[in-house]
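# Chains, contacts and geometry: an overview
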Amino acid sequence: MACLCELLSTQFPPPAVTEEVEDASEPTKRDRSHLENTLKLNEEKPADDVSGVLQRLRKIYHSSIKPLEHSYRYNELRQHEITDGEITSKPMVLFLGPWSVGKSSMINYLLGLDNTPYQLYTGTTLTALPRGCRHLHFHIRAVSNSQLRVFHPSLQQGGAEPTTSEFTVIMHGPKLKTIEGIVMAADSSRSFSPLEKFGQNFLEKLIGIEVPHKLLERVTFVDTPGIIENRKQQERGYPFNDVCQWFIDRADLIFVVFDPTKLDVGLELEMLFRQLKGRESQIRIILNKADSLATQELMRVYGALFWSLAPLINVTEPPRVYVSSFWPHDYHPETHRDLFLKEEISLLEDLNQVIENRMENKIAFIRQHAIRVRIHALLVDRYLQTYKDKMTFFSDGELVFRDIVEDPDRFFIFKSILAKTNVSKFDLPNREAYKDFFGINPITSFKLLSQQCSYMGGCFLEKIEKAITRELPDLLGSIGLGKKPNVLSCD
């Protein structure tokens, strides 16, 4: 780096006038009042007391949903076991996208961490350069605006090479603190303990950062490694797609970030959008660094991104793309400042809406999970009942069940489930998934639903149906009416 600085210094000597350097070294900062107002960072209202709601929600889950979930080993089908830490966790905002598009810079901007000890690493910045080389950045800025624009997408916003190789969880804490991945996975009070199943190589790429910031009292940010299309997944050393799926399943809002230089959709990005299927309402597509382009060029880039992503998003309406520049410095002159500001405020309103609706979303998530557990239990019960009906004294049990698993439609396995109340054909899991499921879990290791009853505990199926149709909707209604839920109820 030092040799490079010497070489560049011969081409760009330090400016002769000190005042020009000082002026150039202090780029105009953007006004943050809209950000603070939209996210209500200046309001001193007391936090809502949701402890009663969370306690009731935990009770419903443990008493009405988890028994059936464990009895029919739902976690081995979906790889999604809910922990107490997940129930009580804050809303999670996940940042995805290609490398060096400004994901970390965007988090720094939202939290106001630029030029503070808490700032996330975003690649090649001024502070990363040797002291004798730092004047180059200022001199290039002072030479001309056209040269500045060349370096805007790379030198000043994330570097020209992949920068973030870890999954970084930014959460609230009383003081600045870094937490290793192995510690986060070992702490059952957090919602990240299930990540231990992805292995030690992944935990070395997981890091938590606690920051004393008001916004983080209400939300958690997750920064992810950038997608690199020419890198094979096995080179990462851990199941990258599986880890992404774990965070996607738990995210309340998903920011997919692009910049004008990285619009290509390759295999890894296409796989990512397949994983996002069913979560379209939570996705926000962002075209970052938009003020680095002239109007005509911005329109071309917007169109290219729009048509690249439209086939990948499973919705009838075209995807909404938020166009702005998320970093602390002011928008470049002669660009659409008003448009960028309105787009930014619109995105911030979406973020605030997720924060405000935390409990409603949490209850809806648990109810959705309960519906999937119920359908899974009904399917396993139907497989088991069919197996018992086809078995005779001289039958080979393994061959009988293999015929059922290979062609469940011949035995009306899935059609019979649709006859049940509150079961939609769109909620039925993939038939192929049950081949793998029963390959690990023998059908004879399960009991029929009719046998999952006790005098004191009641029937598992009746309890989960009561939670889906009555308890969880009533809990949701109590939030809307401002009532305190009856935590001590034994229903």
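To start, this report covers the structure provided alongside it. None of these values were measured; they are calculated from a predicted model.

## A word on helix 14 (residues 295–309)
The first and last C-alpha atoms of helix 14 sit 21 Å apart over 15 residues, in line with the 21 Å expected at 1.5 Å per residue. When helix 14 is considered as a whole, its buried residues turn out to be Leu298, Val301, Leu305, Phe306 and Leu309. Down the axis of helix 14, the smallest arc covering the buried residues is 135 degrees, so these residues share one side. Across from the buried face of helix 14, at angles greater than 90 degrees, the exposed residues are Gln296, Met299, Arg300 and Trp307.

## Describing the nonpolar core
The biggest cluster of nonpolar side chains holds 50 residues, and the ones touching the most others in it are Tyr383, Phe401, Ile404, Tyr434, Phe438 and Ile464. If you list the elements that add at least two residues to this core, you get helix 4 (51–71), helix 16 (358–390), helix 17 (397–406), helix 18 (413–418), helix 19 (431–440) and helix 20 (460–480). If you tally residues by element for this core, the top one is helix 16, at 14 residues. When neighbours within four sequence positions are excluded, tyrosine 434 is seen to be in contact with Leu77, His376, Leu379, Val380, Tyr383, Val405, Phe414 and Pro429.

## Observations regarding the packing of aromatic side chains
Under the criterion given, the structure shown has 27 aromatic pairs. In textbook terms, an aromatic cluster arises when at least three aromatic residues are bridged by ring pairs, as seen for Tyr72, Tyr383, Tyr387, Phe401, Phe414, Tyr434, Phe437, Phe438 and Phe446. Between the NZ or CZ atom of arginine 30 and the centre of the ring of tyrosine 109, over which it lies, the distance is 5.1 Å. Lying over the aromatic face of tyrosine 109, arginine 32 brings its terminal NZ or CZ to 5.7 Å of the ring centre.

## Focus on the side chain of lysine 362
Positionally, lysine 362 belongs in helix 16. Of the side chains with opposite charge, aspartate 252 lies nearest to the buried lysine 362, which makes no salt bridge, at 5.5 Å. A distance of 3.0 Å separates the side chain of lysine 362 from the backbone oxygen of serine 89, its partner in a polar contact. Ignoring any residue separated from it by four or fewer positions in sequence, one finds lysine 362 in contact with Leu57, Glu86, Ile87 and Ser89.

## Thoughts on the pairing of strand 4 (residues 206–211)
Counted residue by residue, strand 4 has 5 buried out of 6 residues, so it is predominantly covered. Sheet topology places strand 2 (residues 167–172) next to strand 4; 6 bridges connect them, and they run parallel. Bridging across to strand 4, methionine 171 finds its partner in glutamate 210. Looking at chain direction, strand 3 (residues 177–180) and strand 4 are connected through 4 bridges and run antiparallel. Each bridged residue has a counterpart across the sheet, and for glutamate 180 the counterpart in strand 4 is isoleucine 207.

## Describing the sheet that holds strand 6 (residues 253–258)
Strands sit in the order 3-4-2-5-1-6-7-8 across an open sheet of 8 strands; the sheet is mixed. Two strands close off the open sheet at either side, each with one partner strand: strand 3 and strand 8 (321–323). For this sheet the average axis-to-axis angle between neighbouring strands, irrespective of direction, equals 25 degrees. As paired strands, strand 6 and strand 7 (residues 283–287) are joined by 5 bridges and run parallel to one another. Within strand 7, the residue paired with valine 256 across the bridge is isoleucine 285. Its contacts with the sheet place helix 7 (residues 103–111) against strand 1 (92–96), strand 2, strand 5 (220–223), strand 6 and strand 7, and it is angled at close to 160 degrees to strand 5.

## A closer look at the pattern of salt bridges
Evaluation of the coordinates by the stated rule reveals 18 salt bridges. Of the charged contacts in the structure, one is a salt bridge between arginine 374 and glutamate 465, with a shortest N-O distance of 3.1 Å. Highlighted residues: arginine 374 in helix 16 and glutamate 465 in helix 20, separated in sequence by 91 residues. For glutamate 465, a relative accessible area of 26% gives the class partly exposed. Several salt bridges converge on common partners, so that one network encompasses Lys40, Arg218 and Glu356.

Rules and cut-offs
Residues numbered from 1 in each chain as written. Predicted model: local features only at pLDDT ≥ 70, side-chain atom pairs only at ≥ 80, totals over all residues. Heavy atoms only, no water. Helix = DSSP H or I, 4+ residues; strand = E, 2+ residues; numbered from the N terminus. Expected span 1.5 Å × (residues − 1). Buried < 20%, exposed > 50% of the residue type's maximum accessible area, 1.4 Å probe, protein only. Arc of directions from axis to C-beta. Core = buried A, V, L, I, M, F, W, Y, C linked by side-chain atoms within 4.5 Å. Contact = heavy atoms within 4.5 Å. Phe/Tyr/Trp six-rings, centres within 6.5 Å; stacked < 30°, edge-to-face > 60°. Lys NZ or Arg CZ within 6 Å of the ring centre and 35° of its normal. Lys, Arg positive; Asp, Glu negative; His and termini not counted. Salt bridge = Lys/Arg side-chain N within 4 Å of Asp/Glu carboxyl O. Polar contact = N/O pair within 3.5 Å; in protein donor to acceptor, adjacent residues only side chain to side chain. Pairing = 2+ DSSP bridges. Axes fitted to C-alpha atoms, helices over the stretch in contact; angles between N-to-C directions.

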